[in-house]
Amino acid sequence: MDTFESGARLPACEPTASSALRVERREHIQIRLLLGLLGLAFGARLFVAFRYEINWDEFYFLSLIYRYLDGELSSGLQTFHVRLFTWIRWLGGDEIEQIILLRLLMLGLQLLTCGFIYRICRRYTGPAAALFAVLAYASVSYNIRMGASFRADPLVTCCLMASLDWLLAKKSGLLAYLLAGAATALALLLTLKSALYLPTLGIIMLVQILASARPKTAFFRLLAFGLAGLAVFWLLYLYHRTGVNVIDADKDVSMLANSFDKTVKHPGLLPRKRYLFRSFILDMAYWLTLLYGVRHVLAAMVNGPKAARLRGCILLTLLLPLASVLFYRNAFPYFYAFILAPASLLCAIAWDNLGKQADRRAAPNVPNVPNVPNIREAREANIIKGLVLLGLGISLAGNGLVLPQTRNLDSQRQLLTLIHRAFPAPTAYLDRCAMVASYPNAGFFMSTWGMDKYRRQNRPLLAQAIEERKPKFFIANLGSLDVEHKTNLKSVAAYRLLDPDQRALSDNYIHHWGELYVAGKRFTLENGASEVRFPIIIDGRYTLESEAKVSIDDIQLAPGETLWLGAGSHTIQGAAAPGRYTLRWGEHLYRPSEPAPNTDIFTGF
């Protein structure tokens, strides 16, 4: 469309012949510097992928793939990613190695997203400004650490930025609209928060209708976008349901309604304001640049012709996903890589126009000195650009190279290595996020959302799971699960367990190592002749740990010997002096000789 020609600029004075060479040389230097910083950004992302601690969401996202392969997945919405990654089971390795590989794939998708940002920016700015927009996006602290994590966000961001690229192409024909509709449908199937992009996409197409010399054609393209999106969404959903245990389609509809109520109909503004305000401080260079870009677009819309107003309207609509932080409940740090991708185009506008007035401003009133650039303003603009790049470089170094060394995944790797050695075959267990994704998790996802639902239902789900599925161990990767207070994790009210669940964990498990608890019992027999009756829910072979012999169900057992205990009631009686006796599930279950690291398994966002 002629309104959105490649290379079109917002209104400004034309460059003079005397300043053209200076501007071209400066742009060439800027491009080399920006490419160098983008290389640093890529290296930092690789380091983050291999070293930065894995978040609970990533473990849970991986576990959905295994649940699908095991025929246990029961939701057809927001789980389509399992179809894309079923091959991960056959590659072997533990959960850490698999997530690192999947992070690298997500990094590849982020590179595609950056490519789409560059392509769209080139329709409004020069190459240096387009590269700066990519760098600004890649240097946001939250994006560095979590932008390529194994979640739905990198997938859907790539799909939606591809849709924007196709819609804003110089010659966006019918095929581009069909592809954009299909990509948007795939994004919606992956996660329903992709709907936050729909106002932006819709306004862009409406503006194109208003700007087009053939509005009917533009309208039919909009219609094609919608129909393609609906058709692809419905076909993919039906295909996905064939491999998912969705008993009733109303369950997915109910989940959709509950998701909207929980994430969008949230009381009050800025439900996650602490993360936004933290980003304002950590990413000050980014936010100031973005604000300057918005200021320039608004000024161009006020003072420019109709074409500039239409272009400005399109650019401002790119901020709408970002505006969702005002009401979206799940605006956690990983969410920023999703909402800032389109908004970062405004950073290109800022860079392209910072100092441009100085380069282009002539001095017509100075005799015999036509077209004299304002050198002082140009230098000030260069200083500002240098400070912005310095801020972005510090963010890249701090979040991409320093932080992954202190908040690394070593303790997670050590714990999972222990679990796979102690329990080499898939074994039912409990934890907050299905951390051992390849093993059947008997509990539920203990996110803030999941815990809120758990407490509202007021059902002891963990006690029920212990009775029915008899998990042999649980991981105290949540403060409230650490019933013996062996870790540094704090227990907060939002994650507090119901009393029956707390008792069920305390009565049936003992601490093993680090965050790992295994099935077991502890007794303190004050009188060697006294007999104590105790229940066993989790049957299996147990090892006696004590200083003296003991009698269990009238069977003499020496320290270190094992005995099979079935589910039901049993008796224990000290055979010698009073003392402490421990029954630990398994035959001398493996436990590292060295103490567990004094680090949290999860440190949050």
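Residues numbered from 1 in each chain as written. Predicted model: local features only at pLDDT ≥ 70, side-chain atom pairs only at ≥ 80, totals over all residues. Heavy atoms only, no water.

Caption draft 1: Fine view of the overall build of the protein. Summing up its helical and strand segments, the protein has 23 helices and eleven strands in all. Classification of the 605 residues of the protein by burial places 55% in the buried group. Considering only contacts in the protein between residues 6 or more positions apart, those separated by 24 or more positions represent 76%. (Helix = DSSP H or I, 4+ residues; strand = E, 2+ residues; numbered from the N terminus. Buried < 20%, exposed > 50% of the residue type's maximum accessible area, 1.4 Å probe, protein only. Contact = heavy atoms within 4.5 Å.)

Caption draft 2: Representation of the environment of A49 within the structure. Looking at the secondary structure, you find A49 in helix α1 (residues 17-51). A49 sits in the buried class, given a relative accessible area of 5%. Sequence separation of A49 and L102 is 53 residues, and the distance between their C-alpha atoms is 9.1 Å.

Caption draft 3: The arrangement of helix α16 (residues 336-343) in detail. By the criterion of burial, α16 is predominantly enclosed, with eight of the eight residues buried. Of the residues making up α16, those classed as buried are Y336, A337, F338, I339, L340, A341, P342 and A343.

Caption draft 4: Summary view of the confidence of the model for the protein. Overall, the predicted model of the protein reaches an average pLDDT of 89, with 89% of residues at or above 70. Segment residues 1-16 is flagged for pLDDT under 50; beyond a separation of four residues in sequence, or across chains, it makes 49 contacts in the model. Under a pLDDT of 50 for its full length, residues 361-372 has, in the predicted model, eleven contacts with residues more than four places off or in other chains. (pLDDT = per-residue confidence, 0-100.)

Caption draft 5: Spotlight on the packing of helix α9 (residues 198-211) against helix α10 (residues 215-241). Their axes nearest at 8 Å, the elements α9 and α10 cross at an angle of 160°. With respect to each other, α9 and α10 are oriented roughly antiparallel. Contacts between α9 and α10 involve L201, M205, L206, Q208 and I209 from the first element and P215, A218, F219, L222 and F225 from the second. Of the residues contributing to the contact of α9 with α10, the split by class is nine nonpolar, one polar and no charged. (Axes fitted to C-alpha atoms, helices over the stretch in contact; angles between N-to-C directions. Parallel < 35°, antiparallel > 145°, perpendicular 65-115°, else oblique. Nonpolar A, V, L, I, M, F, W, Y, C, P; charged D, E, K, R; others polar.)

Caption draft 6: Representation of the pattern of salt bridges. Counted by the stated rule, this structure contains 13 salt bridges. Here R151 makes a salt bridge to D57, at a shortest N to O gap of 3.5 Å. Of this pair, R151 sits in the loop between α6 (141-146) and α7 (152-167) while D57 sits in helix α2 (residues 56-69), and the two are 94 residues apart along the sequence. With respect to class, R151 is no different from D57; both count as buried. In this structure, E484 engages R522 in a salt bridge whose closest nitrogen and oxygen atoms are separated by 3.0 Å. (Salt bridge = Lys/Arg side-chain N within 4 Å of Asp/Glu carboxyl O.)

Caption draft 7: Main features of the packing of aromatic side chains. Following the criterion strictly, the structure yields 29 aromatic pairs and no others. Each ring, one from F277 and one from F280, has its centre 6.1 Å from the other, and the planes form 35°; the classification is tilted. With F277 and F280 both in helix α12 (residues 273-282), this residue pair falls three residues apart, about one helical turn. In this structure F280 comes out as partly exposed when scored by relative accessible area, which is 35%. Ring pairs connect the aromatic residues W56, F59, Y275, F332, Y334, F602 and F605, which therefore count as one cluster. The ring of F338 carries the charged tip of K193 above its face, separated from the ring centre by 5.6 Å. (Phe/Tyr/Trp six-rings, centres within 6.5 Å; stacked < 30°, edge-to-face > 60°. Lys NZ or Arg CZ within 6 Å of the ring centre and 35° of its normal.)

Caption draft 8: How the structure looks around the side chain of T79. Topologically, T79 is positioned in the loop between α2 and α3 (81-84). Taking relative accessible area as the criterion, T79 reaches 6% and is therefore assigned buried. Within the structure, the side chain of T79 is placed 2.7 Å from the backbone oxygen of S75, a separation counted as a polar contact. At 2.9 Å, the side chain of T79 and the side chain of H240 are in polar contact. (Polar contact = N/O pair within 3.5 Å; in protein donor to acceptor, adjacent residues only side chain to side chain.)

Caption draft 9: Focus on the pairing of strand β6 (residues 540-545). In terms of strand pairing, β6 meets strand β9 (residues 562-565) through four bridges, oriented antiparallel. Pairing of R541 across the sheet is with W564, part of β9. Taken together, the four bridges between β6 and strand β11 (residues 579-585) define a ladder with antiparallel strand orientation. The residue bridging E545 from the neighbouring strand is T582, located in β11. (Pairing = 2+ DSSP bridges.)

Caption draft 10: Inspection of unusual backbone geometry at higher detail. In the Ramachandran plot, L270 falls in the positive-phi region, its phi being about 50° despite a non-glycine side chain. As for its position among the elements, L270 is in the loop between α11 (249-263) and α12. The exposure class assigned to L270 is buried, which follows from its relative accessible area of 18%. Despite not being glycine, A434 has its phi angle at roughly 60°, a positive value. Checked against the element boundaries, A434 lands in the loop between β1 (429-430) and α21 (448-457). Owing to a relative accessible area of 9%, A434 belongs among the buried residues under this scheme.

Caption draft 11: Molecular detail of α9. Over its 14 residues, α9 extends 20 Å from the first C-alpha to the last, a length consistent with the 20 Å expected when each residue adds 1.5 Å. Along α9, the positions that sit buried rather than exposed are T200, L201, I204, M205, V207, Q208, I209 and A211. (Expected span 1.5 Å × (residues − 1).)

Caption draft 12: Summary view of the sheet that holds strand β8 (residues 555-557). Overall, antiparallel pairing links the four strands, which are arranged β5-β10-β7-β8 in an open sheet. On the outer flanks of this sheet lie β5 (531-536) and β8, each paired with one strand and no other. Across the sheet, the mean angle separating the axes of adjacent strands is 30° when strand polarity is ignored. As defined by bridge partners, strand β7 (residues 550-552) adjoins strand β10 (residues 568-574) across three bridges and the pair is classed as antiparallel. Each bridged residue has a counterpart across the sheet, and for V550 the counterpart in β10 is G574.

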